[in-house]
Amino acid sequence: MNSARNQQGRIIKAHEYQLEKHGNIFCIDKKCKSPLIYVAAAENTSPYFKTTGKGNSIHHKDCVFARPLTFEESITKLQDLQKEFLQKNITPVNIRINLNGIDPDFVSRNIEREQKPFDPSKLIVKSSSNSTSSISSLKSVVKLIELNQPDLLATVILSIKGKKIPLTELIITPDQAYELLWSNKMDESIPYFVYGTIKQYIKREKVYFITFQTEKRFSLVVFEKYFPHFTYSVSQLIEKKFLVYGFIKKNEYKGKAAEMAIKSNDYLAILK
Ligand SMILES: [Zn+2]
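### Some details on the packing of aromatic side chains
A ring pair, where both rings are aromatic, is described by two values, the distance of the centres and the angle of the planes.
Piece 1. Within the structure shown, the criterion is met by 14 aromatic pairs.
Piece 2. Consider the rings of Tyr178 and Trp182, whose centres lie 6.5 Å apart with planes at 40°: the pair is tilted. Pair noted here: Tyr178 and Trp182 are both in helix 7 (residues 174-182), with a separation of 4 residues, about one helical turn.
Piece 3. Here the aromatic rings of Tyr201 and Phe230 are separated by 6.1 Å at their centres, their planes lie at 85°, and the arrangement is edge-to-face. Linking Tyr201 in strand 11 (residues 192-203) with Phe230 in the loop between strand 13 (218-223) and helix 8 (234-237), this pair joins segments that are 29 residues apart in sequence. Comparing Tyr201 with Phe230 shows no difference in burial state: the two are buried.
Piece 4. Taken together through their ring pairs, the aromatic side chains of Tyr201, Tyr208, Phe227, Phe230, Tyr232 and Phe242 make up a single cluster.
Piece 5. One cation-aromatic arrangement involves Lys203 over Tyr208; the distance from NZ or CZ to the ring centre is 5.4 Å.
Piece 6. When the ring centre of Trp182 is taken as origin, the NZ or CZ atom of Lys250, which lies over that ring, is 5.1 Å away.

Now the structure itself:
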(Lines give C-alpha, C1' and ligand atoms only; values in the text may rest on other atoms or scores of the structure.)
Protein backbone atom coordinates (compact mmCIF):
# COMPACT_ATOMS: atom_id res chain seq x y z
CA MET A 1 0.00 0.00 0.00
CA ASN A 2 1.13 3.46 -0.87
CA SER A 3 -1.26 5.38 1.37
CA ALA A 4 -2.37 5.19 4.98
CA ARG A 5 -4.56 7.19 7.32
CA ASN A 6 -3.28 8.51 10.62
CA GLN A 7 -5.21 8.86 13.89
CA GLN A 8 -6.47 12.31 12.80
CA GLY A 9 -7.78 10.90 9.50
CA ARG A 10 -5.13 12.53 7.36
CA ILE A 11 -4.01 10.58 4.26
CA ILE A 12 -0.27 9.99 4.27
CA LYS A 13 1.82 8.71 1.38
CA ALA A 14 4.56 6.20 2.17
CA HIS A 15 7.30 8.44 0.74
CA GLU A 16 6.42 11.27 3.16
CA TYR A 17 5.78 9.19 6.28
CA GLN A 18 7.57 10.08 9.53
CA LEU A 19 6.62 8.34 12.76
CA GLU A 20 7.32 11.41 14.96
CA LYS A 21 5.25 13.66 12.71
CA HIS A 22 2.35 11.46 11.66
CA GLY A 23 2.08 8.90 14.47
CA ASN A 24 0.49 5.49 14.06
CA ILE A 25 -1.04 4.61 10.73
CA PHE A 26 -4.09 2.66 9.64
CA CYS A 27 -5.67 1.20 6.51
CA ILE A 28 -7.38 3.93 4.45
CA ASP A 29 -10.52 1.83 3.86
CA LYS A 30 -13.05 3.16 6.35
CA LYS A 31 -14.60 -0.29 6.79
CA CYS A 32 -11.18 -1.64 7.82
CA LYS A 33 -8.89 0.81 9.64
CA SER A 34 -6.50 -2.03 10.40
CA PRO A 35 -3.19 -0.88 11.98
CA LEU A 36 -0.34 -0.82 9.46
CA ILE A 37 3.41 -0.78 9.62
CA TYR A 38 5.82 1.25 7.53
CA VAL A 39 8.43 -0.51 5.40
CA ALA A 40 11.34 1.74 4.47
CA ALA A 41 12.74 2.00 0.95
CA ALA A 42 15.26 -0.63 -0.07
CA GLU A 43 17.60 -0.75 -3.02
CA ASN A 44 14.95 -1.75 -5.56
CA THR A 45 11.71 -0.91 -3.78
CA SER A 46 9.94 2.26 -2.78
CA PRO A 47 8.70 2.62 0.79
CA TYR A 48 5.25 1.19 1.51
CA PHE A 49 2.75 0.29 4.21
CA LYS A 50 1.50 -3.17 5.08
CA THR A 51 -0.43 -5.21 7.59
CA THR A 52 1.62 -7.58 9.75
CA GLY A 53 -0.98 -10.35 9.72
CA LYS A 54 -0.67 -10.50 13.51
CA GLY A 55 -3.27 -9.46 16.09
CA ASN A 56 -5.69 -6.93 14.58
CA SER A 57 -3.26 -5.91 11.82
CA ILE A 58 -5.21 -7.75 9.16
CA HIS A 59 -7.58 -6.31 6.55
CA HIS A 60 -11.32 -6.58 7.16
CA LYS A 61 -12.91 -9.07 4.76
CA ASP A 62 -14.71 -6.23 2.91
CA CYS A 63 -11.62 -3.99 2.74
CA VAL A 64 -10.51 -3.05 -0.79
CA PHE A 65 -7.06 -4.43 0.08
CA ALA A 66 -8.28 -7.78 1.42
CA ARG A 67 -7.95 -9.50 -1.97
CA PRO A 68 -7.34 -8.48 -5.58
CA LEU A 69 -10.41 -6.68 -6.94
CA THR A 70 -12.05 -7.39 -10.27
CA PHE A 71 -12.29 -4.61 -12.84
CA GLU A 72 -15.89 -3.82 -11.86
CA GLU A 73 -15.14 -3.87 -8.14
CA SER A 74 -12.19 -1.53 -8.60
CA ILE A 75 -14.29 1.06 -10.37
CA THR A 76 -17.33 0.86 -8.07
CA LYS A 77 -15.50 0.55 -4.75
CA LEU A 78 -13.03 3.32 -5.52
CA GLN A 79 -15.48 6.10 -6.30
CA ASP A 80 -15.66 7.40 -2.73
CA LEU A 81 -11.94 7.05 -2.14
CA GLN A 82 -11.15 8.94 -5.33
CA LYS A 83 -13.53 11.75 -4.32
CA GLU A 84 -11.80 11.99 -0.94
CA PHE A 85 -8.34 12.00 -2.55
CA LEU A 86 -9.41 14.81 -4.88
CA GLN A 87 -10.86 16.86 -2.01
CA LYS A 88 -7.68 16.40 0.00
CA ASN A 89 -5.44 17.33 -2.92
CA ILE A 90 -3.50 14.08 -2.90
CA THR A 91 -0.88 14.25 -5.67
CA PRO A 92 -2.56 12.73 -8.73
CA VAL A 93 -1.07 10.41 -11.31
CA ASN A 94 -1.85 11.78 -14.76
CA ILE A 95 -2.28 9.30 -17.55
CA ARG A 96 -2.91 10.43 -21.07
CA ILE A 97 -5.35 8.39 -23.13
CA ASN A 98 -4.69 8.41 -26.83
CA LEU A 99 -6.55 5.68 -28.67
CA ASN A 100 -6.29 7.31 -32.11
CA GLY A 101 -4.36 4.27 -33.26
CA ILE A 102 -7.37 1.94 -32.91
CA ASP A 103 -9.47 4.05 -35.27
CA PRO A 104 -9.42 2.61 -38.83
CA ASP A 105 -10.03 6.15 -40.16
CA PHE A 106 -7.08 7.66 -38.32
CA VAL A 107 -4.08 8.45 -40.45
CA SER A 108 -0.96 8.59 -38.33
CA ARG A 109 1.04 11.71 -38.98
CA ASN A 110 4.22 10.27 -37.48
CA ILE A 111 5.29 13.72 -36.38
CA GLU A 112 3.48 13.07 -33.10
CA ARG A 113 6.22 12.72 -30.57
CA GLU A 114 6.89 9.22 -29.26
CA GLN A 115 5.44 8.84 -25.80
CA LYS A 116 7.71 7.18 -23.33
CA PRO A 117 6.88 3.51 -22.89
CA PHE A 118 4.40 2.86 -20.11
CA ASP A 119 3.84 -0.41 -18.33
CA PRO A 120 0.21 -0.26 -17.13
CA SER A 121 0.87 -3.00 -14.57
CA LYS A 122 3.34 -0.81 -12.70
CA LEU A 123 1.77 2.44 -11.78
CA ILE A 124 4.40 4.51 -10.05
CA VAL A 125 3.53 7.49 -7.94
CA LYS A 126 6.31 9.99 -7.59
CA SER A 127 6.32 12.67 -4.96
CA SER A 128 6.44 15.41 -7.53
CA SER A 129 5.19 13.92 -10.72
CA ASN A 130 5.02 16.24 -13.69
CA SER A 131 5.56 13.47 -16.16
CA THR A 132 2.58 12.00 -17.91
CA SER A 133 2.39 8.43 -19.09
CA SER A 134 0.35 7.50 -22.11
CA ILE A 135 -2.02 4.64 -22.87
CA SER A 136 -2.77 3.72 -26.47
CA SER A 137 -4.92 0.59 -26.29
CA LEU A 138 -8.06 -0.56 -24.55
CA LYS A 139 -6.23 -3.64 -23.23
CA SER A 140 -3.81 -1.36 -21.41
CA VAL A 141 -6.71 0.40 -19.71
CA VAL A 142 -7.95 -3.00 -18.50
CA LYS A 143 -4.46 -3.94 -17.26
CA LEU A 144 -4.11 -0.62 -15.50
CA ILE A 145 -7.26 -1.34 -13.47
CA GLU A 146 -6.72 -5.06 -12.93
CA LEU A 147 -3.08 -4.94 -11.90
CA ASN A 148 -2.80 -1.91 -9.63
CA GLN A 149 -3.66 -1.39 -6.00
CA PRO A 150 -6.81 0.53 -5.04
CA ASP A 151 -5.00 3.47 -3.41
CA LEU A 152 -2.91 4.03 -6.54
CA LEU A 153 -5.92 3.82 -8.84
CA ALA A 154 -7.77 6.34 -6.67
CA THR A 155 -5.11 8.92 -7.58
CA VAL A 156 -5.42 8.42 -11.34
CA ILE A 157 -6.63 11.31 -13.48
CA LEU A 158 -7.11 10.49 -17.14
CA SER A 159 -6.35 13.11 -19.69
CA ILE A 160 -8.42 12.65 -22.81
CA LYS A 161 -8.94 15.01 -25.76
CA GLY A 162 -7.46 17.81 -23.66
CA LYS A 163 -9.78 17.26 -20.65
CA LYS A 164 -8.76 15.86 -17.27
CA ILE A 165 -11.27 13.40 -15.78
CA PRO A 166 -10.91 11.25 -12.63
CA LEU A 167 -10.63 7.56 -13.53
CA THR A 168 -13.85 6.56 -11.76
CA GLU A 169 -15.84 9.23 -13.63
CA LEU A 170 -14.67 8.27 -17.11
CA ILE A 171 -15.21 4.52 -16.74
CA ILE A 172 -18.92 3.93 -16.21
CA THR A 173 -21.76 1.43 -16.63
CA PRO A 174 -24.25 1.59 -19.54
CA ASP A 175 -26.98 2.73 -17.10
CA GLN A 176 -24.76 5.52 -15.75
CA ALA A 177 -23.94 6.54 -19.32
CA TYR A 178 -27.64 6.77 -20.15
CA GLU A 179 -28.39 8.81 -17.02
CA LEU A 180 -25.51 11.25 -17.59
CA LEU A 181 -26.39 11.67 -21.25
CA TRP A 182 -30.10 12.24 -20.82
CA SER A 183 -29.68 14.54 -17.81
CA ASN A 184 -27.27 16.58 -19.98
CA LYS A 185 -24.40 15.99 -17.56
CA MET A 186 -22.25 14.14 -20.04
CA ASP A 187 -19.42 15.88 -21.83
CA GLU A 188 -20.26 14.78 -25.36
CA SER A 189 -16.95 16.08 -26.69
CA ILE A 190 -15.03 13.23 -25.04
CA PRO A 191 -15.22 9.48 -25.51
CA TYR A 192 -16.13 7.36 -22.48
CA PHE A 193 -15.29 3.86 -21.32
CA VAL A 194 -18.31 1.71 -20.59
CA TYR A 195 -18.24 -1.76 -19.00
CA GLY A 196 -20.92 -4.39 -18.74
CA THR A 197 -22.21 -7.76 -19.85
CA ILE A 198 -23.35 -8.09 -23.45
CA LYS A 199 -26.89 -9.35 -23.89
CA GLN A 200 -27.59 -9.38 -27.60
CA TYR A 201 -25.77 -9.07 -30.91
CA ILE A 202 -28.00 -8.37 -33.89
CA LYS A 203 -26.59 -8.20 -37.41
CA ARG A 204 -28.66 -6.26 -39.91
CA GLU A 205 -27.77 -5.59 -43.52
CA LYS A 206 -26.41 -2.09 -42.93
CA VAL A 207 -25.75 -1.99 -39.19
CA TYR A 208 -24.84 -4.24 -36.27
CA PHE A 209 -26.43 -3.66 -32.85
CA ILE A 210 -24.98 -4.85 -29.56
CA THR A 211 -26.96 -4.40 -26.35
CA PHE A 212 -26.02 -4.85 -22.71
CA GLN A 213 -27.77 -6.34 -19.71
CA THR A 214 -29.10 -3.02 -18.50
CA GLU A 215 -32.24 -1.28 -17.34
CA LYS A 216 -31.85 1.69 -19.67
CA ARG A 217 -31.48 1.47 -23.42
CA PHE A 218 -27.81 1.54 -24.34
CA SER A 219 -26.35 -0.01 -27.45
CA LEU A 220 -23.23 -0.22 -29.53
CA VAL A 221 -23.61 0.27 -33.24
CA VAL A 222 -21.26 -0.74 -36.04
CA PHE A 223 -22.00 0.77 -39.43
CA GLU A 224 -21.59 -1.11 -42.71
CA LYS A 225 -18.40 0.73 -43.66
CA TYR A 226 -16.66 -0.84 -40.63
CA PHE A 227 -17.95 -4.43 -40.99
CA PRO A 228 -14.53 -5.64 -42.28
CA HIS A 229 -12.94 -4.38 -39.03
CA PHE A 230 -15.54 -5.96 -36.76
CA THR A 231 -15.24 -9.72 -36.87
CA TYR A 232 -16.57 -10.94 -33.51
CA SER A 233 -18.97 -13.86 -33.69
CA VAL A 234 -22.18 -13.90 -31.65
CA SER A 235 -20.78 -16.52 -29.27
CA GLN A 236 -17.63 -14.44 -28.63
CA LEU A 237 -19.76 -11.58 -27.30
CA ILE A 238 -22.97 -12.86 -25.72
CA GLU A 239 -23.01 -13.05 -21.91
CA LYS A 240 -19.39 -11.92 -21.69
CA LYS A 241 -18.10 -8.87 -19.87
CA PHE A 242 -16.45 -6.18 -21.94
CA LEU A 243 -15.00 -2.73 -21.65
CA VAL A 244 -15.94 -0.62 -24.68
CA TYR A 245 -14.80 2.80 -25.81
CA GLY A 246 -16.36 5.57 -27.84
CA PHE A 247 -18.44 8.72 -28.05
CA ILE A 248 -21.96 8.39 -26.65
CA LYS A 249 -24.86 10.02 -28.40
CA LYS A 250 -28.58 10.39 -27.87
CA ASN A 251 -30.91 8.45 -30.09
CA GLU A 252 -34.60 9.29 -30.06
CA TYR A 253 -35.77 6.83 -32.64
CA LYS A 254 -38.45 4.74 -30.85
CA GLY A 255 -37.91 6.47 -27.49
CA LYS A 256 -34.85 7.61 -25.58
CA ALA A 257 -31.70 5.58 -25.96
CA ALA A 258 -27.93 6.02 -25.65
CA GLU A 259 -25.76 4.87 -28.48
CA MET A 260 -22.02 4.38 -28.91
CA ALA A 261 -20.68 3.99 -32.46
CA ILE A 262 -17.64 1.73 -32.67
CA LYS A 263 -15.46 0.91 -35.64
CA SER A 264 -13.40 -2.21 -35.01
CA ASN A 265 -12.64 -5.16 -32.73
CA ASP A 266 -10.19 -2.94 -30.86
CA TYR A 267 -13.05 -0.86 -29.39
CA LEU A 268 -13.86 -3.78 -27.09
CA ALA A 269 -11.66 -5.48 -24.50
CA ILE A 270 -12.80 -8.55 -22.63
CA LEU A 271 -12.91 -8.45 -18.81
CA LYS A 272 -12.27 -11.37 -16.47
ZN1 LIG B 1 -7.78 -2.67 5.00
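### Overview of the side chain of Gln82
Piece 1. Assignment of secondary structure puts Gln82 in helix 3 (residues 79-87).
Piece 2. Within the local environment of Gln82, its side chain forms a polar contact with the backbone nitrogen of Leu167, the two atoms lying 3.4 Å apart.
Piece 3. Beyond its immediate chain neighbours, meaning those up to four positions away, Gln82 contacts Leu153, Ala154, Thr155, Val156, Pro166, Leu167 and Thr168.

### Overview of the pattern of salt bridges
Piece 1. Under the counting rule described, the total for this entry stands at 14 salt bridges.
Piece 2. Here Lys263 and Asp103 are joined by a salt bridge, their closest N and O atoms 3.1 Å apart. In this pair, Lys263 is assigned in the loop between strand 16 (257-261) and strand 17 (268-270) and Asp103 in the loop between strand 6 (93-97) and strand 7 (133-135), connecting sequence segments 160 residues apart.
Piece 3. For Lys206, the salt bridge is made with Glu224, and the minimal N-O distance between the two is 3.6 Å. Of this pair, Lys206 sits in the loop between strand 11 and strand 12 (207-212) while Glu224 sits in the loop between strand 13 and helix 8; the two residues are 18 residues apart in sequence, bridging distant segments of the chain.
Piece 4. For Lys206, a relative accessible area of 52% corresponds to the exposed category.
Piece 5. On the basis of relative accessibility, which here comes to 39%, the residue Glu224 falls in the partly exposed class.

### Considerations on empty space enclosed by the protein
Piece 1. Taken as a whole and judged by the stated rule, the model has 1 cavity of 30 Å³ or more.
Piece 2. Put simply, the largest cavity is a space of about 30 Å³.
Piece 3. Taken together, Thr70, Phe71, Glu72, Glu146, Lys241, Leu271 and Lys272 make up the full set of residues lining the largest cavity.
Piece 4. Tallied by class, residues from the lining of the largest cavity come to 2 nonpolar, 1 polar and 4 charged.

### A word on the coordination of the zinc ion
Piece 1. Within the protein, the atoms that donate to the zinc ion are Cys27 (SG), Cys32 (SG), His59 (ND1) and Cys63 (SG), at distances of 2.1 to 2.3 Å.
Piece 2. Metal-centred angles of 105 to 115° between the 4 donor atoms at the zinc ion mark the site as tetrahedral.
Piece 3. We note that the donor set of the zinc ion lies within a single chain, spaced as C-x4-C-x26-H-x3-C. Each member of the pair, Cys27 as well as Cys32, carries the same accessibility label: buried.

The rules we used
The residue numbering used here restarts from 1 in each chain and proceeds along that chain's sequence as written. The predicted origin of the model limits local features to residues at a pLDDT of at least 70 and limits the giving and counting of side-chain atom pairs to 80 or more, whereas totals for whole chains, interfaces and linings rest on all residues. Values shown for side chains rest on all heavy atoms present in the structure; no hydrogens or waters enter the calculation. Classification of ring pairs uses Phe, Tyr and Trp, with its six-membered ring standing for Trp, and accepts pairs whose centres are within 6.5 Å; under 30 degrees between planes counts as stacked, over 60 as edge-to-face, and the remaining range as tilted. For the purposes of this entry, the term helix denotes a DSSP run of H or I that reaches at least four residues, the term strand denotes a run of E that reaches at least two, and both are numbered from the N terminus. Partly exposed describes any residue whose relative accessible area lies between the buried limit of under 20% and the exposed limit of over 50%, with all areas from a 1.4 Å probe on protein chains only and scaled to the type maximum. In this analysis the charged atom, NZ for Lys or CZ for Arg, is taken to sit over a ring once it is within 6 Å of the ring centre and within 35 degrees of the ring normal. In protein, a polar contact means a hydrogen-donor-capable atom and an acceptor-capable atom, both N or O and within 3.5 Å, with residues adjacent in sequence counting only if both atoms are side-chain atoms; elsewhere, any N or O pair within 3.5 Å suffices. In what follows, a contact means two residues having at least one pair of non-hydrogen atoms within 4.5 Å. A pair is scored as a salt bridge if a Lys or Arg side-chain nitrogen falls within 4 Å of a carboxyl oxygen belonging to Asp or Glu. Of the two site types, the cavity is a set of points on a 1 Å grid over the protein atoms alone where a 1.4 Å probe fits but cannot get out, and the pocket is an open set with protein on both sides within 12 Å along at least five of seven lines, each lined by residues with an atom within 4 Å of a point. Grid points are joined across faces, edges and corners, and a volume is the space filled by probe spheres set on the points. Any residue outside Ala, Val, Leu, Ile, Met, Phe, Trp, Tyr, Cys, Pro, Asp, Glu, Lys and Arg is labelled polar, Gly included; the first ten of those are nonpolar and the last four are charged. The donor set covers N, O and S atoms within 2.8 Å of the metal, switching to 3.2 Å for Na, K and Ca, and it leaves out water, so a site may look short of donors. By the criteria applied here, four donors are tetrahedral when all angles lie between 85 and 135 degrees, four are square planar and six octahedral when opposite donors are over 155 degrees apart and every other angle lies between 65 and 115, and any other arrangement is irregular.

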